[in-house]
Amino acid sequence: MNLTPADHLGAVERALTTITREGRELRLLTVTRTYDASLDDVWDALTTRERIAHWMMPVSGDLDVGGRYQLEGNAGGEVLECVPPERLALTWEYDGQVSWVDLSLRPTESGTLLQLDHSAPVSPEMWDQFGPGAVGVGWEMALMGLAEHLAAPDAERPPRETVPDLSEYLRGSSAARGEVDISAGADPETARAAARRTAEAYTGAPED
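No experiment lies behind these values; they were computed from the predicted model shown. (Residues numbered from 1 in each chain as written. Predicted model: local features only at pLDDT ≥ 70, side-chain atom pairs only at ≥ 80, totals over all residues. Heavy atoms only, no water.)

Participant: Describe the overall build of the chain, listing the residues and the values that go with them.
Facilitator: Looking only at helices and strands, the chain has seven helices and eight strands in total. Counting only residues that meet the buried cut, the chain has 42% of its 208 residues in that class. The contacts of the chain with a sequence gap of at least 6 include a subset with a gap of at least 24, amounting to 52%. Of the accessible surface of the chain, which amounts to about 11300 Å², a share of 49% is contributed by carbon and sulfur atoms. (Helix = DSSP H or I, 4+ residues; strand = E, 2+ residues; numbered from the N terminus. Buried < 20%, exposed > 50% of the residue type's maximum accessible area, 1.4 Å probe, protein only. Contact = heavy atoms within 4.5 Å. Areas by Shrake-Rupley, 256 points an atom, 1.4 Å probe, with all protein chains shown as cover.)

Below, the structure is given as structure tokens:
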């Protein structure tokens, strides 16, 4: 079954809250999505170097607990915990900032539920400008790539120039992040303005 960008957008559930970790106040962004695939297959796609490159980006380093990984052109960090096929915990280190990513899997009647929790310190400059979309939209795109890979695991990653226009998807994801921010207590006008800036940053064009 071929999923449209709108299908991918509607397949995600989003949440946002505030937590404390190691004495620091963090924003906890949660993304959940159910995949039509077995628990073992989803786990393998999340943790096998060759498969990660198909749906996300190439990864180097040591993927065992205590090892350090590096995503090509993106974040790196340390593998904190690995409990196959249920739980994976990492630090997420980018541009001098450290945050935490926790992935958990559980089987459902329709496949496998993946929950991704990203706990990040609040950077006033980044948060005021983009809100939760600065982190959330990228993760939603990654989970979309994972869905495409699980549906056709032997397919080669398409060249960048053949990827369909995802502008409407990116605007929709950014807007959804703004609404989650409002549900978490943000001022509606401020949250929606940040969502528009997020969409513009991803698409390179302001909304019409």
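Participant: Residues and numbers for the pattern of salt bridges, please.
Facilitator: Applying the stated criterion across every chain, the model contains 10 salt bridges. Across the pair glutamate 179 and arginine 192 runs a salt bridge whose closest N-O atoms are separated by 2.8 Å. On the criterion of sequence distance, the pair formed by glutamate 179 in helix H6 (residues 167-183) and arginine 192 in helix H7 (residues 188-203) is long-range, its members being 13 residues apart. Residue class for glutamate 179 comes out partly exposed when judged on its relative accessible area of 35%. Using a relative accessible area of 39% as the deciding quantity, one classes arginine 192 as partly exposed. Here the salt bridges share partners, and the residues they tie into one network are Arg21, Glu81, Arg87 and Asp102. (Salt bridge = Lys/Arg side-chain N within 4 Å of Asp/Glu carboxyl O.)

Participant: A description of the nonpolar core should follow, citing residues and the corresponding values.
Facilitator: Core analysis: the biggest nonpolar cluster contains 36 residues, and Met56, Leu114 and Leu146 have the highest contact counts within it. Among the elements that line this core, the one with the most residues is helix H5 (residues 133-151), at six residues. Excluding anything up to four places from it in sequence, methionine 56 contacts Leu71, Trp92, Trp139, Ala142 and Arg157. (Core = buried A, V, L, I, M, F, W, Y, C linked by side-chain atoms within 4.5 Å.)

Participant: If you had to explain the pairing of strand E4 (residues 68-71) to someone new, which residues and values would you point to?
Facilitator: What you see with E4 is a clean split: Tyr69 and Leu71 sit on the buried side and Arg68 and Gln70 on the side with no burial. Counting the residues between successive antiparallel strands, the hairpin from strand E3 (residues 59-61) to E4 contains six residues, one of them, glycine 66, with a positive phi of roughly 90°. Across three bridges, the pairing between E4 and strand E5 (residues 76-83) is antiparallel. Residue pairing in the sheet places glutamine 70 in a bridge with glycine 76 of E5. Count of turn residues in the E4/E5 antiparallel hairpin: four residues, of which glycine 73 carries a positive phi of about 70°. (Pairing = 2+ DSSP bridges.)

Participant: For unusual backbone geometry, give the residues involved together with the corresponding values.
Facilitator: Trans is the common state for peptide bonds, and a negative phi is the common state for residues other than glycine. For the bond from proline 84 to proline 85, the omega torsion is -10°, close enough to zero to count as cis. With respect to the element layout, proline 85 can be found in the loop between E5 and strand E6 (87-94). One non-glycine residue, glutamate 22, adopts positive backbone phi at about 55°. For glutamate 22, the location among the structural elements is in the loop between strand E1 (12-21) and strand E2 (24-35). With relative accessibility at 65%, the residue glutamate 22 sits in the exposed group. A positive phi angle, close to 55°, is found at aspartate 95, a residue other than glycine. For aspartate 95, the location among the structural elements is in the loop between E6 and strand E7 (97-108).

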